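The lines below spell out each chain.
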Amino acid sequence: MEGLIIVLICFPFLSAFLLSIFKNDKIRQAVTYISSIALIGMAVTFAVKYFTSGKSGLSFFTETEIIDYGMIGVEAFLMVLVTVLSFKYKQYYAAVLSIAQSVLIFWYELGGKAPHQLINKIYIDQLTVIMVLIVAVIGTLITVYACGYMKDYHNHHKEFKDRRKYFFSLLYVFLGAMFGLVLSNSLIWIYFFWEITSVVSFLLIGYTRTAEAIHNCFRALWMNLLGGCGFAVAIVFAGIKFNITDMQSLILCDGNIVIVPIILLSFAALTKSAQLPFSKWLLGAMVAPTPSSALLHSATMVKAGVYLLLRLAPVLAGTYAGTMVSLIGGFTFLVMSMLAITVSDGKKVLAYSTISNLGLITACAGIGLEETVWAGIFLLIFHAVSKSLLFQTVGAIENATGSRDIETMHGLVRRHPYLAWTLVIGIAGMFLAPFGMLISKWAALKAFIDSGSVVMILFVCFGSATTLFYWMKWMATVLASKTNDVKAKNTTSANQWVSILIHSVFMVLLCFLFPFISSQVIIPYIHNVFNNAYQVISNDNIIIMMIMLIAIFVIPAVSWVSARHSKYKKVARYINGVNAGDQMNYIDSMGEKRRFFLANWYMEDIFGEKKLWNPSVIISILLIITFMVISIGGAF
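Note that the structure is a prediction, hence the values are computed from the model and not measured.

The rules we used
Residues numbered from 1 in each chain as written. Predicted model: local features only at pLDDT ≥ 70, side-chain atom pairs only at ≥ 80, totals over all residues. Heavy atoms only, no water. Helix = DSSP H or I, 4+ residues; strand = E, 2+ residues; numbered from the N terminus. Salt bridge = Lys/Arg side-chain N within 4 Å of Asp/Glu carboxyl O. Buried < 20%, exposed > 50% of the residue type's maximum accessible area, 1.4 Å probe, protein only. Expected span 1.5 Å × (residues − 1). Bend = angle between axes of the 7 residues up to and from the residue. Phe/Tyr/Trp six-rings, centres within 6.5 Å; stacked < 30°, edge-to-face > 60°. Lys NZ or Arg CZ within 6 Å of the ring centre and 35° of its normal. Core = buried A, V, L, I, M, F, W, Y, C linked by side-chain atoms within 4.5 Å. Contact = heavy atoms within 4.5 Å. 1 Å grid on protein atoms, 1.4 Å probe; cavity = no way out; pocket = protein on both sides within 12 Å on 5 of 7 lines; lining within 4 Å. Points joined across faces, edges and corners; volume = space filled by probe spheres on them. Nonpolar A, V, L, I, M, F, W, Y, C, P; charged D, E, K, R; others polar. Axes fitted to C-alpha atoms, helices over the stretch in contact; angles between N-to-C directions. Parallel < 35°, antiparallel > 145°, perpendicular 65-115°, else oblique. Left-handed = near helix turned anticlockwise from the far one by under 90°.

**Some words on unusual backbone geometry**
In this chain, Leu276 is followed by Pro277 through a cis amide linkage whose omega measures 5°. Mapped onto the elements of the fold, Pro277 is located in the loop between α10 (259-272) and α11 (280-284). Unlike most non-glycine residues, Asn243 shows phi in positive territory, near 60°. Phi at Ala274 is positive, roughly 60°, even though this residue is not glycine. Considering the arrangement of structural elements, one finds Ala274 in the loop between α10 and α11.

**Section: the pattern of salt bridges**
Scanning the entire structure with this criterion turns up 9 salt bridges. For Asp25, the salt bridge goes to Arg164, with nearest N and O atoms at 3.1 Å. Taken together, the positions of Asp25 in helix α2 (residues 25-53) and Arg164 in helix α6 (residues 164-183) put the pair 139 residues apart, joining distant regions of the chain. What makes Asp25 partly exposed here is its relative accessible area of 32%. The residue Asp68 makes a salt bridge to Lys121 at a minimum N-O spacing of 3.2 Å. Of this pair, Asp68 sits in helix α3 (residues 65-88) while Lys121 sits in the loop between α4 (92-110) and β2 (122-124), and the two are 53 residues apart along the sequence.

**Things to note about helix α21 (residues 494-530)**
Here α21 spans only 46 Å end to end across 37 residues, well under the 54 Å set by a 1.5 Å rise per residue. A bend of about 60° at Leu513 is the largest found in α21, and the proline Pro515 appears one to four places after it. Two residues or fewer after α21 comes Asn531, characterised by a positive phi angle close to 55°.

**Quick word on the packing of aromatic side chains**
Summed over all chains, the structure comprises 25 aromatic pairs. Ring geometry for Tyr145 and Tyr149: centres 5.6 Å apart, planes at 20°, overall stacked. Pair noted here: Tyr145 and Tyr149 are both in helix α5 (residues 126-156), with a separation of 4 residues, about one helical turn. Like Tyr145, the residue Tyr149 is buried in the burial classification. Here the aromatic cluster, defined as three or more aromatic residues joined through ring pairs, consists of Tyr145, Tyr149, Tyr153 and Phe160. The ring centre of Trp613 lies 4.8 Å from the NZ or CZ of Lys280, which sits over that ring.

**Some thoughts on the nonpolar core**
Considering soluble globular proteins, one finds that nonpolar side chains tend to be buried as a cluster. Core analysis: the biggest nonpolar cluster contains 215 residues, and Ile124, Leu183, Leu312, Leu423 and Trp474 have the highest contact counts within it. Of all the elements, α5 adds the most residues to this core, at 18 residues. Setting aside anything within four residues of it in sequence, one finds Leu423 in contact with Leu390, Thr393, Val394, Ile397, Met409, Leu412, Trp474 and Val478.

**Thoughts on the environment of Ala396**
Assignment of secondary structure puts Ala396 in helix α16 (residues 370-401). On the basis of relative accessible area, Ala396 is assigned to the buried category, the value being 1%. Sequence separation between Ala396 and Tyr149 is 247 residues; the distance between their C-alpha atoms is 7.4 Å.

**Some details on empty space enclosed by the protein**
With the rule as written, the count across this model stands at 3 cavities of 30 Å³ or more. Approximately 60 Å³ is the volume found for the largest cavity. Forming the boundary of the largest cavity are Asp68, Met71, Ile72, Glu75, Ile105, Phe106, Glu109, Ile188, Tyr191 and Phe192. Contributions of two or more residues to the lining of the largest cavity are made by α3, α4 and α7 (187-205). Broken down by element, the residue count for the lining of the largest cavity peaks at 4 residues, all from α3. When grouped by side-chain class, the residues that make up the lining of the largest cavity number 7 nonpolar, no polar and 3 charged.

**Looking at the packing of α10 against helix α13 (residues 302-316)**
Orientation of α10 relative to α13, taken along the N-to-C sense of each, is 155°, at an axis distance of 8 Å. Classified by the angle between their axes, α10 and α13 sit roughly antiparallel to one another. Between α10 and α13 lies a crossing of left-handed hand. Note on element contacts: α13 touches α10 through Val302, Ala304, Gly305, Leu308, Leu309, Leu312, Val315 and Leu316, opposite Ile262, Leu265, Ser266, Ala269 and Lys272. Looking at the contact of α10 with α13, its residues break down into 10 nonpolar, 2 polar and 1 charged.

**So, the side chain of Thr467**
Its location among the elements puts Thr467 in helix α20 (residues 454-479). Beyond its immediate sequence surroundings of up to four residues, Thr467 is in contact with Phe333, Ser337, Phe431 and Lys441.

The structure is reproduced here in structure tokens:
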């Protein structure tokens, strides 16, 4: 198992090196496919070995002095890289944050301040296995999708320099860092891989090197470095004050005693998962090509933040840190759901939706009960698959039609039927029963009711209502069509279809596997962490869910077959006036021929970004400052 862990972490870095060398498309594609198949195979083997071991937690590696010094060297390199780029683009604040946290960690590790104790640097349990599978499967499929997408991207965008070697190399560095992060138990190791993801996301967002890309990538960098500073202070404080240097020891403590490192780690996680007031960096990430957006929004980066919070959930329960996390998460869930209604850019809707759903996972972790952790983990799984599918499909639609605006997707079901149906599957996965996002939200709402948190109940109810609104209007737009809509030529490459179709299959399979994953993976994890677990979803509800799953495919199929063989007369549509006979025009009350059109209502004048953003940022800043002052002040 130790050898497999080493290979799992190191192999993506080797792939990154190879991809940085070869410029030829065929060689790049071959390396990508081989690397993807190898990583998925290793991740599945890793999962099988864990579950057949019969143990709930496995620990590895204690003597790692050489590796620790190597990490210090890489940390110094990252600090220099960030500093040089910050001075080059005159973004000096990013350099200050990078230097501050790196110097603090160097002082702690090299200055004899870190406790001299042997700890297991790697820890594996059910949550680790879930994250490894998400990163391996979803992450590598995104790289396969990128093989076709990036070729089309540069064919359409001649103004950008073709730096695909650099781009693919960064994707695999990202995957390697995520493997290292979720497998690590040592706080220093987690911090090391955490910082790699921050720097690589900064480089990916700035890929095109336009003025907008540079601005957005530095905003992402300084926000994540701010969280990194909180992480660094938490490590130093936990080590010097409590003699704690690993995650498992930390979460076994009384949360009110170790409140300072806990709330600082929570702060770092809020920045990484783009919660208010730090949401702008993830919205700005859309300037990057779609594969990096999919990677940042679904399988990696933001998932690192909520993963850390789910790890900390047992020690967050009943503390000021937990209250801060749950309130910020619930507030973000509601505000971002409302803002998603007000935009027509498909990628921006997905970005708002990502931040919103991460807010709900954050809120679940902050409450820290068995039910909320169960719901949070399921939200994490379904969101990873669904959001990756949606980003990739929208990217393919943009390449095929030249637009990602929702208003241009009328009739997509006729023009590009396969892309339309994969988009519908992804959207259904986000809000329709029996797909897991809705079931998980129901479980979260039940848990908030059980906990007596009235504010969280309101956040979830109103946030879920607005979620329904923006997903339904998008789905209806895609499925609406006109008689003059004709099937267009398929321009989506085979590489893109491989990833999109596999994602679609996974989305459906997860619904069938929902009961198995719950009983065999998540409930045992909750039992190990809380020493108490029970069936959150009853068997009767599971049976109802399976019936709904079958019906959601059978009813449309029966309706389609019936319509094909129907002998009923087809009539012209009623369009608020006399139909002109072509299904596209009508005669108004003045006898004039007018063309009708469909358009969604975005309500931007009611609660658009200009009205909601600044107040939301101010409220969230006040919440964070208040709880951090109370927590840290009480500790001293």
